[in-house]
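One-letter residues, chain by chain:
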Amino acid sequence: ILIRLKRFEMDVSLYPFTRDAVEEVQVGARICRRGDQLEIRYQVNGEVSALVLPTPVGRAERRDQLWTTSCFELFVAAPGIDPYWEYNLSPKGHWNSYAFRGYRKDAATAKVKPPQLQVSKSETNFCLHVLLQLPAPLERLTLLQAGISVILEDNNGGLSYWAAVHPGTKPDFHDRRSFIVKVF
């Protein structure tokens, strides 16, 4: 008997790479698969006023180097194969996606539809809600691996790197050992 799930949901806690990250915040995400789409809700709770989390712009654009400031990231791949995709999502609404043939190898701008982003923010909470279409090679696969990560810039210009795991000696979200979230 084959049982096909219509919806898969998972909560993921993210942890800073170093202890000197902004101590007054907690970071997490909820990921949900709906057929050929992923829905991710990134959550930052606590002293969000200590962070650079700008208001969304009127017209979001595809941009490079979003990770130089606060950026919400998703890495997704199929188990057992080298290629993977990276999504960079800015609180401003800007975004980009890259396709890699292997670990940081042959990066190319991915041919994907623009994600839908929605931001809500209060004094103690920031939420980035994202709906994105999976890349065509991953759409029909029943099992995917994901790495969920966040870069937060504080008001002094310092960056902290958040992920479910940090398997190396430096923050490296491309490390496939950090793709620990199984998405069905």
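Structure: above.
Residues numbered from 1 in each chain as written. Predicted model: local features only at pLDDT ≥ 70, side-chain atom pairs only at ≥ 80, totals over all residues. Heavy atoms only, no water.

**Student:** Can you help me understand the packing of aromatic side chains in this one?
**Tutor:** When we look at a pair of aromatic rings, we describe it by the centre distance and by the angle of the planes. What the rule picks out here adds up to eight aromatic pairs. Centre to centre, the rings of Y84 and F179 are 5.7 Å apart; their planes meet at 80°, and the pair counts as edge-to-face. With a gap of 95 residues between them, Y84 in strand β5 (residues 84-89) and F179 in the loop between β11 (159-163) and β12 (181-183) connect regions that are remote in the sequence. A single burial state applies to Y84 and to F179, both of which are buried. (Phe/Tyr/Trp six-rings, centres within 6.5 Å; stacked < 30°, edge-to-face > 60°. Helix = DSSP H or I, 4+ residues; strand = E, 2+ residues; numbered from the N terminus. Buried < 20%, exposed > 50% of the residue type's maximum accessible area, 1.4 Å probe, protein only.)

**Student:** What is the right way to read the side chain of Q133 from this model?
**Tutor:** Mapped onto the fold, Q133 is located in strand β9 (residues 125-133). A distance of 2.7 Å separates polar atoms of two side chains, one belonging to Q133 and the other to D36. Contacts of Q133, omitting those with residues within four sequence positions, involve D36, Q37, Y87, K113 and E139. (Polar contact = N/O pair within 3.5 Å; in protein donor to acceptor, adjacent residues only side chain to side chain. Contact = heavy atoms within 4.5 Å.)

**Student:** Even after reading the chapter, I still don't get the pattern of salt bridges, so can you show me in this structure?
**Tutor:** Once the charged atoms of two side chains with opposite charge are near each other, the side chains can pair. Taken as a whole, this structure holds six salt bridges when the rule is applied. Close ionic contact of D11 with R30 constitutes a salt bridge, the shortest N to O distance being 2.6 Å. Here R30 lies in strand β2 (residues 25-34) and D11 lies in strand β1 (residues 8-16), a separation of 19 residues in the sequence. Judged by relative accessible area, R30 falls into the partly exposed class, the value being 37%. With a closest N to O distance of 3.1 Å, R63 and E61 form a salt bridge. Bridged by salt links that share partners, the residues E9, D11 and R30 form one connected network. (Salt bridge = Lys/Arg side-chain N within 4 Å of Asp/Glu carboxyl O.)

**Student:** Can you help me understand the nonpolar core in this one?
**Tutor:** In globular proteins that are soluble, nonpolar side chains generally tend to be buried together. Core analysis: the largest hydrophobic core is formed by 38 residues, its most contacted members being Y42, F72 and L74. The set of elements that each furnish at least two residues to this core consists of β1, β2, β3 (37-46), β4 (71-77), β5, β9, β10 (144-153) and β12. No other element matches β10, which puts five residues into this core. If you look at the next biggest cluster of nonpolar residues, it comprises nine residues, including A77, I151, A163 and F179. (Core = buried A, V, L, I, M, F, W, Y, C linked by side-chain atoms within 4.5 Å.)

**Student:** What exactly am I supposed to notice about the environment of D82 here?
**Tutor:** Looking at the secondary structure, you find D82 in the loop between β4 and β5. Using a relative accessible area of 56% as the deciding quantity, one classes D82 as exposed. Other than its neighbours up to four places away in sequence, D82 contacts R101, G102 and R176.

**Student:** Looking at this structure, how should I read a negative patch on the surface?
**Tutor:** On the surface, D20, E23, E24, E47 and E123 cluster together to form a negatively charged patch. Relative to the assigned elements, D20 resides in the loop between β1 and β2. Overall, D20 belongs to the exposed group, its relative accessible area being 65%. (Patch = residues over 30% accessible without salt bridge, like charges linked within 9 Å, V, L, I, M, F, W, Y side chains within 5 Å. Areas by Shrake-Rupley, 256 points an atom, 1.4 Å probe, with all protein chains shown as cover. Lys, Arg positive; Asp, Glu negative; His and termini not counted. Charge placed at Lys NZ, Arg CZ, Asp CG, Glu CD.)

These figures come from the coordinates and say nothing about function on their own.
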